[in-house]
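Residue-level listing of the chains:
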Amino acid sequence: MDERVSHALVDPQRFYGALADLGSVTVAIPVLAVVIGYVAWQGRSAGLYRWWLPPLAAAVLMALVPALVVPLKVLVDRPGPPVTGPGTGYYPSGHTATASIAYGAATLLLLPWLRSVHVRREVVTACAVVNLAVGYGLVRRGYHWPLDVVASWCLCAMLLTVLWVFLGRSGRQPK
C-alpha cells in the first residue's frame, strides 16, 4: 500500500522540493533558535525562576533528534522510493523529524507568552500546516515513502508530549 500511495503521489516539481526543504536543518533549526532566544529573553526580563529551563529543554530535545532517528534508520535499513536511487536509511524521515521537533518545540515555547486565544490557535495551526507541508513535499517529490513520514510524526508526537508535560511542570513562577 505504501508503494501504491507513493507512486500515485510522486511529482518531481520544484515546488514540492521547496516544501520538503522547510524540514531541513538550515531552515527549521534557525526558526527554533530565534524562538529559544526570544523566550529566554522574555523569561529573564520577566524575572521568572529558572527562566532558562524551557529554552534549554527545547534545545536538548532538538539535539536528541539525530541521536534517535539515525540509529532507527540504521536498524530498519529501508530503501527509499525509486526517485532516490539505490541506498537505504529512509525510515523514519529525518526532515520530518527535524521539522516536527523544531516547529513543535517553538510553538510549545511560545504558547505561554501569547495572550490571545486567537493568536495561540493561529500559531498551533501554522505549526501543523508547515509540518503537513513538509511531509507532503517529501512524499510528493519522491524523497520518502508515506510511512517514513508517518513514523517520524509518531515519534515526534511522543517527544513533544514529553516536552509539553515538562514545560507544564516547570511553570512560569517569578523569582
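The preceding data block contains the structure.
To keep things clear, this report deals only with the structure shown in the data block. (Residues numbered from 1 in each chain as written. Predicted model: local features only at pLDDT ≥ 70, side-chain atom pairs only at ≥ 80, totals over all residues. Heavy atoms only, no water.)

So, about helix H7 (residues 146-170). Over its 25 residues, H7 runs 36 Å from end to end, which matches the ideal 36 Å to within 8%, given 1.5 Å per residue. For H7, the complete set of buried residues consists of Pro 146, Asp 148, Val 149, Ala 151, Ser 152, Leu 155, Cys 156, Leu 159, Leu 160, Leu 163, Leu 167 and Ser 170. (Helix = DSSP H or I, 4+ residues; strand = E, 2+ residues; numbered from the N terminus. Expected span 1.5 Å × (residues − 1). Buried < 20%, exposed > 50% of the residue type's maximum accessible area, 1.4 Å probe, protein only.)

What follows concerns the packing of helix H4 (residues 53-76) against helix H5 (residues 94-110). Between H4 and H5, whose axes approach to 10 Å, the crossing angle comes to 165°. Considering the angle they form, H4 stands roughly antiparallel to H5. Taken as a pair, H4 and H5 cross one another with a handedness that is right-handed. Contacts from Pro 54, Pro 55, Ala 58, Leu 61, Met 62, Val 65, Val 69 and Lys 73 of H4 reach H5 at Gly 94, Ala 97, Thr 98, Ile 101, Ala 102, Ala 105 and Leu 109. (Axes fitted to C-alpha atoms, helices over the stretch in contact; angles between N-to-C directions. Parallel < 35°, antiparallel > 145°, perpendicular 65-115°, else oblique. Left-handed = near helix turned anticlockwise from the far one by under 90°. Contact = heavy atoms within 4.5 Å.)

Attention now goes to the pattern of salt bridges. Scanning the model with the defined rule gives 1 salt bridge in all. Note that Asp 148 is salt-bridged to Arg 78, the shortest N-O span being 2.8 Å. Remark: Arg 78 occurs in the loop between H4 and H5 and Asp 148 occurs in helix H7; sequence separation between them is 70 residues. By relative accessible area, which is 0% here, Asp 148 ends up buried. (Salt bridge = Lys/Arg side-chain N within 4 Å of Asp/Glu carboxyl O.)

Moving on: the side chain of Ser 152. Assignment of secondary structure puts Ser 152 in helix H7. In contact with Ser 152, other than residues within four places in its own chain, are Pro 92, Ser 93, Thr 96 and Ala 97.

This part covers a nonpolar patch on the surface. A cluster of nonpolar side chains, contributed by Trp 52, Leu 56, Val 60, Leu 64 and Leu 68, occupies part of the molecular surface with about 410 Å² of accessible area. Relative to the assigned elements, Trp 52 resides in the loop between helix H3 (25-45) and H4. A residue is classified by how much of its surface remains accessible, and Trp 52, at 40% relative accessible area, is partly exposed. (Patch = residues over 30% accessible without salt bridge, like charges linked within 9 Å, V, L, I, M, F, W, Y side chains within 5 Å. Areas by Shrake-Rupley, 256 points an atom, 1.4 Å probe, with all protein chains shown as cover.)

Close contact between H3 and H4 brings their axes to 9 Å; oriented N to C, the two are set at 160°. For the element pair H3 / H4, the angle class is roughly antiparallel. The two elements H3 and H4 meet at a crossing, and its hand is left-handed. On H4, the residues that touch Ile 29, Leu 32, Ile 36, Val 39 and Ala 40 of H3 are Pro 55, Ala 58, Ala 59 and Met 62. The residue inventory of the contact of H3 with H4, partitioned by class, reads 9 nonpolar, no polar and no charged. (Nonpolar A, V, L, I, M, F, W, Y, C, P; charged D, E, K, R; others polar.)

Moving on to the environment of Trp 145. Counting through the fold element by element, Trp 145 comes out in the loop between helix H6 (117-141) and H7. Taking the C-alpha atoms as reference, Trp 145 lies 27 Å from Val 162; in sequence the two are 17 residues apart. Of note is the side chain of Trp 145, whose polar atom sits 2.9 Å from the backbone oxygen of Pro 79. (Polar contact = N/O pair within 3.5 Å; in protein donor to acceptor, adjacent residues only side chain to side chain.)

This next bit is on the packing of aromatic side chains. Two numbers describe a pair of aromatic rings. These are the distance of the centres and the angle of the planes. For the structure on display, the rule yields 3 aromatic pairs. Aromatic side chains Tyr 16 and Tyr 136 sit 5.9 Å apart centroid to centroid with 80° between the ring planes, which places their arrangement in the edge-to-face category. Residue Tyr 16 is located in helix H2 (residues 14-21), and its partner Tyr 136 is located in helix H6; the two are separated by 120 residues in the primary sequence. Under the relative-accessibility criterion, Tyr 16 is labelled buried at 12%. Since its relative accessible area comes to 39%, Tyr 136 is described here as partly exposed. Ring geometry for Tyr 38 against Trp 41: centres 6.4 Å apart, planes inclined by 50°, an arrangement best described as tilted. Pair noted here: Tyr 38 and Trp 41 are both in helix H3, with a separation of 3 residues, about one helical turn. Residue classification places Tyr 38 among the partly exposed residues on the basis of a relative accessible area of 35%. The rings of Phe 15, Tyr 16 and Tyr 136 are connected pair by pair, giving a single aromatic cluster. (Phe/Tyr/Trp six-rings, centres within 6.5 Å; stacked < 30°, edge-to-face > 60°.)

Any link to function would need more than the numbers given here.
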